Amino acid sequence: MSVKIGLKNRIYHRLLGEVLGSGAQEFIKHLGLIGTSFAIAKVISGLVNIAAGRLLGPLEYGKINVMASVGAAFAPFMLAGLHYSVVKYGVGKEERPRVFSTALTAFGALTALVCGLSLLFSGHLTMLFHIDVRMLFFSLAYAAATAAFLLVSGMQQALGYFSKRGLSEIGFSLLMAGVFITGITYFGRVYEAMAWAYIVAFGGMAIFWLNRTRRDVSFPGFSRTIFARISEYGFYNFGASLGGVLLLNIQGLVINASLPAREIGIYAAYYTASINIGGYMGHALTTVLFAKSAATADRRRLWDLAVKSWRRLFPAVLALFILVETAVLLLMGRHQYSLDWRLVLLFAASGTLTLAGNSLAQIILSEGILASRLGLYITIGCGLYNFFSCLALVPRFGVGGAAISLIFTYSAMIAWLWVVKDSYLARGEG
């Protein structure tokens, strides 16, 4: 054990130039649990995606990305930022039961409303997204399942159940693999097999862990007082979630509407091997980082440590993305998905910047209501910038235009955070 601690101290000192304290040790411990679980889960889900890409081919595999992108557009309206509210306000033991039950009730009502209105105006929505009614149904189901999973995951974070949070990711990946194999067997090589795999995995894990959470926390019912309190914070994060759709999901929809059908499949393969992995790694990091940053009074120190880490780790992370992309595309089929080194480099850079930008943003955005407003401005502003960049760059540069747009967008986001950081970090020190 002492050798293990000594190794951690040496690595930490070499990376950041200081001694590993108790707070940092606890953070690394939680991050290690989450990181290991998320890594195992990502390997499993990654293998499923590779199999899906190889078996389905670009045309059907691309439809999965379109379905998920449309579902991601619906999900924020179902969640209304409540998954962030349960983390922020559910850490206190006294209010936790009311916070959880109020958020869960509001989520159920919003989901029913969104699904009802979407089916009522299905004709307009299918024209807007360039999809058919069947895919609209799958997108709504995907949105409800993912939203439920995120809400329950927020409850786990508030409870400090980081090991269970990691196990839920592993359970998700195993369930997705099982359903996908079953779907391929019964439905054939069509995107619906993967669609059902995502829906059952997200929804099944949400129901399972919600049931387990009920053993530790009572759910007394909806509270107007609590809802009024958490809804303001949730509203800003709702806007930020919409901006997140414009940041990470709009590319697939623009490509689907602008380029031949095969191109969305090629984009989906590169996205899976870079941006999606970057987002997943960022999700693992912020699962621990957001909770720690929200609880600390010294966010400036966290910011300085994060910046110092990224200055040294950026080349290594970029190289990792290049290796992973190459491996994934070779396994999917280099001829099916057109292994192009220019695209590999562009998507690796966009994945690295996505991970860096999200990790830095979490430190500032955990400050409270004022920082949530900043988060709303940044995500909406950068999201709109990314959307219009995609409209301009995708028709000209094809699939690579989506990666170029993300590189510009996340560089602008990091610059924005750097300019305003002093005001928000100072508030956290008070």
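As shown above, the structure is provided for reference.
Let us look at the structure shown here. As the structure is a prediction and not an experimental result, all values here were calculated from the model.

Cut-offs applied
Residues numbered from 1 in each chain as written. Predicted model: local features only at pLDDT ≥ 70, side-chain atom pairs only at ≥ 80, totals over all residues. Heavy atoms only, no water. Helix = DSSP H or I, 4+ residues; strand = E, 2+ residues; numbered from the N terminus. 1 Å grid on protein atoms, 1.4 Å probe; cavity = no way out; pocket = protein on both sides within 12 Å on 5 of 7 lines; lining within 4 Å. Points joined across faces, edges and corners; volume = space filled by probe spheres on them. Nonpolar A, V, L, I, M, F, W, Y, C, P; charged D, E, K, R; others polar. Core = buried A, V, L, I, M, F, W, Y, C linked by side-chain atoms within 4.5 Å. Buried < 20%, exposed > 50% of the residue type's maximum accessible area, 1.4 Å probe, protein only. Contact = heavy atoms within 4.5 Å.

## Some words on unusual backbone geometry
For Ala80, which is not glycine, the phi torsion reads 50° and is therefore positive. By secondary structure assignment, the location of Ala80 is in the loop between helix H2 (22-79) and helix H3 (82-89). The backbone of Ser338 sits at a positive phi, close to 50°, despite the residue not being glycine. Tracing the backbone through its elements, the reader meets Ser338 in the loop between helix H13 (299-332) and helix H14 (341-365).

## Quick notes on the layout of surface pockets
Quantified by volume, the second largest pocket comes out at close to 320 Å³. In terms of lining, the second largest pocket is formed by 15 residues, of which the most central are Ala73, Leu128, Phe129, Ile250 and Leu253. Listing elements by their share of the lining of the second largest pocket, those giving two or more residues are H2, helix H5 (122-129), helix H9 (224-248), helix H10 (250-258) and helix H15 (369-397). If one sorts the elements of the lining of the second largest pocket by residue count, H10 sits on top with 5 residues. Partitioning the lining of the second largest pocket into residue classes produces 13 nonpolar, 2 polar and no charged.

## Observations concerning empty space enclosed by the protein
Per the counting criterion, the structure on display carries 2 cavities of 30 Å³ or more. Its volume calculated, the second largest cavity comes out at about 40 Å³. As for the second largest cavity, its lining consists of Gln156, Tyr161, Lys164, Trp209, Arg212, Thr213 and Asp216. A breakdown of the residues in the lining of the second largest cavity according to their chemical character gives 2 nonpolar, 2 polar and 3 charged.

## Things to note about the nonpolar core
If you look at the biggest cluster of nonpolar residues, it comprises 124 residues, and the most contacted ones within it are Phe74, Phe100 and Met194. When residues no more than four places from it in sequence are discounted, the contact partners of Phe74 are Val114, Ser118, Leu125, Phe129, Leu136, Leu140 and Ala143. In this structure, Trp310, Val317, Leu355 and Ala356 belong to the second largest nonpolar core, which totals 7 residues.

These results come straight from atomic positions and should not be treated as a statement about function.
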